[in-house]
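Read off the chains here:
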Amino acid sequence: MMTRMGTALIRSDKLLIFGGLAICVVAGLSHYGGWPHLVGFVVSALAVTVLASVVGLAVDQLGDRFGPGATGVLQSALGNLPELFICIFALKAGLVDVVRAALIGSILANLLLVLGLAFLVGGLKHGPQKLGSAQVRTILVLMVLSVTAMAIPSIAHEVHAPASEHEVSFSMIVSVVLLVLFGLSLPYSLSRDKTKTSDPVPQPAKEAPRWPVGLAIGMLAIAGGAAAFVSDWFVAALEPAMDSLHISQAFAGLVIVAIAGNAVENVVGVQLAAKNESEYAFSIILNSPIQIALVLAPVLVLVSQIFGLASLTLVFGPMLIVALLVAVILAAIIAFDGESTWLEGAALIALYCVIAASFWWG
């Protein structure tokens, strides 16, 4: 088994895995050893990011056997695990505003920052990239519908609709509906991928050695378990670090937690675009905001109520909702033609920077 594992793991894989293990150990020492909170915050954030990358690497080894569509769904689902753990521990600590901002920030980071980086890197290296027109329209429509449905309780609150007087109950009803919608969309997403297996999809000329299935599953289990511990340490250091750096809860959730918790999409999506596998990159990047709206946010709402954590509802601040809807509409307009350019990527990144800066003060 060790010989097989040695031949399956290339040098970059080994560096990532063992580097992640070392960083997790340091994060544990900083948490239990009474290190300065700012040091613990930085180390644990780095550990979360590396563990998310290990999850993405292991999923890629499993998912590429099933094609881009299934891999996008699988990678986005497991790639959101670190953020799920972070948000649960944050709710346990009473940091509701951080969780609300992190949910919106994760969607913004994927739609603007990560998608923009993928367009920018891929465009500069390969010129305009095709995204697959049929797949683009299906993903974009589902993304717009799911994110809009997630925003409905906030809109009802702002217009003082009767439903706003039942914020918790309405949020739980919407959460259940969104989870059902995800369950209905999942078989369709996977079957759609099967129909595309006959299409010519560019592949790298030389594939790296593939991991054994048992090794990939083992890495997923280890990384997922480690992410639960590291997320707890990250949240424990988060509040003191915010006080030391004078960072608002909104900015911490919108930028820091969102980027750290979405490292899989940050790294894998840009790497695939750089390899000119633009359709694969697009599927992975946009499946994440869909799953945040349909799965992560609803699960957190239900968990907060069922297990007595700080109460989370789907009512977000007006600035967060405006930024969310603008980002969704803009990303849909840019990508709907089925082609990406580096300038469109630069525009998406610029908008993300402006939105992030607007939350620096709260």
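Residues numbered from 1 in each chain as written. Predicted model: local features only at pLDDT ≥ 70, side-chain atom pairs only at ≥ 80, totals over all residues. Heavy atoms only, no water.

The chain is annotated in an unreviewed UniProt entry as Ca(2+)/H(+) antiporter of Mycolicibacterium neworleansense. What the UniProt record of the chain gives under Subcellular location (unreviewed entry) is the line "Endomembrane system". (UniProt positions renumbered as here; feature names shortened; annotations may be inferred.)

Draft legend 1. Structural context of the overall build of the chain. A count of helical and extended segments in the chain gives 14 helices and 2 strands. Going through the 362 residues of the chain one by one, you find that 52% of them count as buried. For the chain, the exposed surface amounts to about 15,400 Å²; the carbon and sulfur share of it is 72%. (Helix = DSSP H or I, 4+ residues; strand = E, 2+ residues; numbered from the N terminus. Buried < 20%, exposed > 50% of the residue type's maximum accessible area, 1.4 Å probe, protein only. Areas by Shrake-Rupley, 256 points an atom, 1.4 Å probe, with all protein chains shown as cover.)

Draft legend 2. Inspection of the pattern of salt bridges at higher detail. For the structure shown, the criterion picks out 2 salt bridges. Residues R100 and D97 are paired through a salt bridge, measuring 3.7 Å at the closest nitrogen-oxygen approach. Highlighted residues: R100 and D97, both in helix α6 (residues 96-126), separated by 3 residues, approximately one helical turn. Accessibility expressed as a relative area gives 16% for R100, which makes it buried. Here E339 and K130 are joined by a salt bridge, their closest N and O atoms 3.0 Å apart. Of this pair, E339 sits in strand β2 (residues 339-340) while K130 sits in strand β1 (residues 129-130), and the two are 209 residues apart along the sequence. Here E339 falls in the partly exposed class, since its relative accessible area comes to 27%. Judged by relative accessible area, which is 59%, K130 ranks as exposed. (Salt bridge = Lys/Arg side-chain N within 4 Å of Asp/Glu carboxyl O.)

Draft legend 3. Representation of the nonpolar core. Counting residues in hydrophobic clusters, the biggest one holds 106 residues, and the most contacted among them are L103, L108, M150, L254 and L300. For this core, the leading source of residues is α6, giving 17 residues. Beyond its immediate sequence surroundings of up to four residues, L108 is in contact with L113, L254, A323, L324, A327, Y352 and I355. (Core = buried A, V, L, I, M, F, W, Y, C linked by side-chain atoms within 4.5 Å. Contact = heavy atoms within 4.5 Å.)

Draft legend 4. Expanded view of helix α9 (residues 213-245). When the local axis directions of α9 are compared, the greatest deviation, roughly 35°, occurs at L238, which is followed within four positions by the proline P240. One or two positions beyond α9, positive phi appears at H246, with a value near 55°. (Bend = angle between axes of the 7 residues up to and from the residue.)

Draft legend 5. The arrangement of the side chain of S44 in detail. The topology assignment puts S44 in helix α3 (residues 37-63). Looking at S44, the relative accessible area reads 0%, which means it is buried. Only 3.1 Å separates the side chain of S44 from the backbone oxygen of F41, close enough to count as a polar contact. Residues contacting S44, with those up to four places away along its chain left out, are A27, V230, W233 and F234. (Polar contact = N/O pair within 3.5 Å; in protein donor to acceptor, adjacent residues only side chain to side chain.)

Draft legend 6. Looking closely at the packing of helix α13 (residues 318-335) against helix α14 (residues 342-358). As a packed pair, α13 and α14 sit with axes 12 Å apart at the nearest point and diverge in direction by 180°. Considered as vectors, α13 and α14 are oriented roughly antiparallel to each other. In contact with M319, A323, V326, L330 and I334 of α13, α14 contributes E344, L348, L351, I355 and S358. Split by residue class, the contact of α13 with α14 holds 8 nonpolar, 1 polar and 1 charged. (Axes fitted to C-alpha atoms, helices over the stretch in contact; angles between N-to-C directions. Parallel < 35°, antiparallel > 145°, perpendicular 65-115°, else oblique. Nonpolar A, V, L, I, M, F, W, Y, C, P; charged D, E, K, R; others polar.)

Draft legend 7. Main features of the confidence of the model for the chain. When the pLDDT values of the chain are averaged, the result is 80; 83% of them are 70 or greater. Within the chain, α14 carries the highest mean pLDDT (91), whereas helix α1 (residues 2-8) carries the lowest (46). Predicted confidence is poor over residues 1-7, with pLDDT under 50, and the contacts of this stretch with residues over four places away or in other chains come to 4 contacts. When the criterion is pLDDT under 50, residues 193-205 qualifies, and its contacts beyond four places in sequence or with other chains add up to 9 contacts. (pLDDT = per-residue confidence, 0-100.)

Draft legend 8. Representation of the packing of aromatic side chains. Using the criterion set out here, one finds 3 aromatic pairs in the structure. Seen from their ring centres, Y32 and W233 are 5.9 Å apart, and the 80° between their planes marks the pair as edge-to-face. A residue pair is termed long-range when its members are at least 10 positions apart, and Y32 in helix α2 (residues 11-32) and W233 in helix α9 qualify at 201 residues. With a relative accessible area of 62%, Y32 lands in the exposed category. Look at W233 and you get buried, because its relative accessible area is 11%. Ring geometry for F41 versus F234: centroids 5.4 Å apart, planes at 25°, classification stacked. Here F234 lies in helix α9 and F41 lies in helix α3, a separation of 193 residues in the sequence. (Phe/Tyr/Trp six-rings, centres within 6.5 Å; stacked < 30°, edge-to-face > 60°.)

Draft legend 9. Focus on the packing of helix α5 (residues 81-92) against α9. In the contact formed by α5 and α9, the axes pass within 8 Å of each other and the chain directions differ by 40°. As judged from the angle between their axes, α5 and α9 are oblique. Crossing of α5 against α9: the hand is right-handed. Facing α5, whose interface residues are P82, F85, I86, F89 and A90, α9 presents G224, A227, A228, S231, D232, F234 and V235. (Left-handed = near helix turned anticlockwise from the far one by under 90°.)

Draft legend 10. Region of interest: the environment of F89. Tracing the chain through its elements places F89 in helix α5. Remark: the alpha-carbon pair of F89 and V235, spanning 146 residues in sequence, is separated by 6.5 Å.

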